[in-house]
Amino acid sequence: MAFDTQETTTDPLCAPARSIGRPIRTGNAAIDIAVAIPDDFRLASGDRLGQRQIVGRLHGRVGAPLVVVAGGISAGRFVHRTETNGLGWWSGAVSIRGPIDLSRFQVLAFDYAPEAAEGAKPVTITTQDQARLLGLILDHLGAPVVSAFVGCSYGGMIGLAFAELFPERVEQLVVVSAAHRAHAQAIAWRGIQRRILQLAEAAGRPEDGVALARELAMTTYRTAEEFADRFETTAPAAAGQAYPVCEYLTARGKAYRTHTTPARWLSLSDSIDRHTVTPEAIKTPVTLVGFTSDRLVPIDDIRELAARLPNLFRLVEAPSLYGHDAFLKEDEAVAAILRAALKDIDQ
């Protein structure tokens, strides 16, 4: 479904957030949308969020059909390139003439709650809570229905929850590398990450905890085959020194150490593990994509979800060297799936 906006922003790529009134856009420039969270908004746990607003970002052609795009817990509203935030987390898919074509669609991405606020405590938040927060943004935009919700990893879980809660608000789902529940082995890996974060915070070294937890997470996102191809197993000179693969993981951890806070990671990691929807309750047409090498979301879980969905449009199973990160790495395969799923959306 399309909706019309007008624009007056002067910065075409990084306009300031607005918290009152409808968004105003000039041409096809991207703009941040900050929406107040009502005082009476409570999470399913009964917790109240410390933040006062939820922030989304509109990209693409004004007045075009609206597509929501959501990714993993490290993703956010900067899905496409900006002058101040680099390429965006999925610029390979969301771009002018790309698979999610910004000359054809208006794209909404948003920052998951909770914010990475200094000194904040973890909150118990569900994928249904995130879906309700997204609903606040859509209400603010005057967009009762979205033409498609494209969700990958955690974003796919939120998409399933959104369709279960608000079946009348989404015309189709594209769910990539996500299922109706978390797998026990994945819960085990994330549980270790959370204990690392808690231990580091108790020791007064929160950033080191984030870095080390990220190192462990990287080993679960990718495959044994990729690691074998990329890294030699040559031993260092002495015990305690780094092997080649460890040097890579250490670099990835250091690059991430200030990206989030332990409290936010704990909250979102737990949100993945407590995710659950009833597939039979999701009436929206679903394109479901799974990668056979994904250890976090095993293909058997994707197949079970497909079997239980009452309105499965298409199930795609694909091989990949990259495991759970395949949706970020397999550009050609993902592009073909997205183009096929979105081709019939009315202009």
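Below or above, wherever it landed, is the structure these notes cover.

The rules behind these values
Sequence order as written defines residue numbering, which begins from 1 separately in each chain. In keeping with the model being predicted, local features are shown solely for residues with a pLDDT of at least 70 and side-chain atom pairs are shown and tallied solely at 80 or more, while totals for entire chains, interfaces and linings include all residues. To obtain the side-chain values, all non-hydrogen atoms of the structure were included, while hydrogens and water were left out. Think of it this way: any DSSP run of H or I at least four residues long counts as a helix, any run of E at least two long counts as a strand, and we number them from the N terminus. Both definitions apply: the radius of gyration is a C-alpha atom measure, and the globule rule equals 2.2 Å times residues to the power 0.38. Exposure classes here rest on a 1.4 Å probe applied to the protein chains alone. A residue is buried below 20% of its type maximum, exposed above 50%, and partly exposed in between. To pair, rings of Phe, Tyr and Trp, with the six-membered ring standing in for Trp, must have centres within 6.5 Å; the planes then decide the type, stacked if under 30 degrees apart, edge-to-face if over 60, and tilted in the middle. Lysine NZ or arginine CZ positioned within 6 Å of the ring centre and within 35 degrees of the ring normal marks a charge as sitting over the ring. A side-chain nitrogen of Lys or Arg and a carboxyl oxygen of Asp or Glu constitute a salt bridge if their distance falls within 4 Å. The contact rule is simple, with two residues in contact once any of their heavy atoms fall within 4.5 Å. Two strands form a pair only when DSSP identifies at least two bridges running between them. If the strands point away from the viewer and the path from the first strand over the helix to the second runs clockwise, then the crossover is right-handed. What qualifies as a polar contact is a pair of N or O atoms within 3.5 Å, subject to a donor-acceptor requirement within protein and to the restriction that residues adjacent in sequence count only when both atoms come from side chains.

**What to know about the overall build of the protein chain**
Consideration 1: Secondary structure summary: the protein chain contains ten helices and eleven strands in total.
Consideration 2: On C-alpha atoms alone, the protein chain measures out to a radius of gyration of 20 Å, which is about the 20 Å that the 2.2 N^0.38 rule sets for 347 residues.
Consideration 3: Seen through its C-alpha atoms, the protein chain measures out along the principal axes to roughly 65 × 40 × 40 Å.
Consideration 4: Counting only residues that meet the buried cut, the protein chain has 56% of its 347 residues in that class.

**Examining the packing of aromatic side chains**
Consideration 1: Scanning the model with the defined rule gives ten aromatic pairs in all.
Consideration 2: Taken together, a centroid distance of 5.6 Å and an interplanar angle of 5° make the contact between W89 and W90 stacked.
Consideration 3: Centre to centre, the rings of F110 and Y112 are 5.3 Å apart; their planes meet at 85°, and the pair counts as edge-to-face.
Consideration 4: Among the aromatic residues, ring-to-ring pairing joins W89, W90 and F327 into one connected group.
Consideration 5: Above the face of the Y256 ring, R214 is positioned so that its terminal group lies 4.1 Å from the ring centre.

**Side note on the pattern of salt bridges**
Consideration 1: Scanning the model with the defined rule gives 22 salt bridges in all.
Consideration 2: The partner of D344 in a salt bridge is K343, and the shortest N-O contact between them spans 3.2 Å.
Consideration 3: Relative accessible area serves as the criterion here: at 60%, D344 is assigned to the exposed category.
Consideration 4: Salt bridges linked by common partners bring R181, E280, D301, E304 and R308 together as one network.

**Structural notes on the environment of V94**
Consideration 1: Note on placement: V94 falls in strand β5 (residues 94-95).
Consideration 2: Spatially, the C-alpha atom of V94 lies 9.1 Å from that of H59, the residues being 35 residues apart in sequence.
Consideration 3: Not counting residues up to four positions away in its chain, the partners in contact with V94 are V69, V79, H80, I100, L102 and V107.

**What to know about the pairing of strand β10 (residues 286-291)**
Consideration 1: By the criterion of burial, β10 is predominantly enclosed, with six of the six residues buried.
Consideration 2: On β10, burial covers both faces: V286, L288 and G290 on one face and T287, V289 and F291 on the other are all buried.
Consideration 3: Looking at chain direction, strand β9 (residues 173-176) and β10 are connected through four bridges and run parallel. Within the sheet, the bridge partner assigned to V174 lies in β10 and is T287.
Consideration 4: Where β10 and strand β11 (residues 312-318) come together, six bridges link them in parallel fashion. Along β11, the bridge assignment pairs V286 with L312.
Consideration 5: Between the parallel pair β10 and β11, the chain is carried across by helix α8 (residues 299-308), and the sense of this crossover is right-handed.

**Overview of the side chain of S271**
Consideration 1: Relative to the helices and strands, S271 resides in helix α7 (residues 262-273).
Consideration 2: What makes S271 buried here is its relative accessible area of 0%.
Consideration 3: In terms of polar contacts, S271 uses its side chain to reach the backbone carbonyl oxygen of I125, at 2.8 Å.

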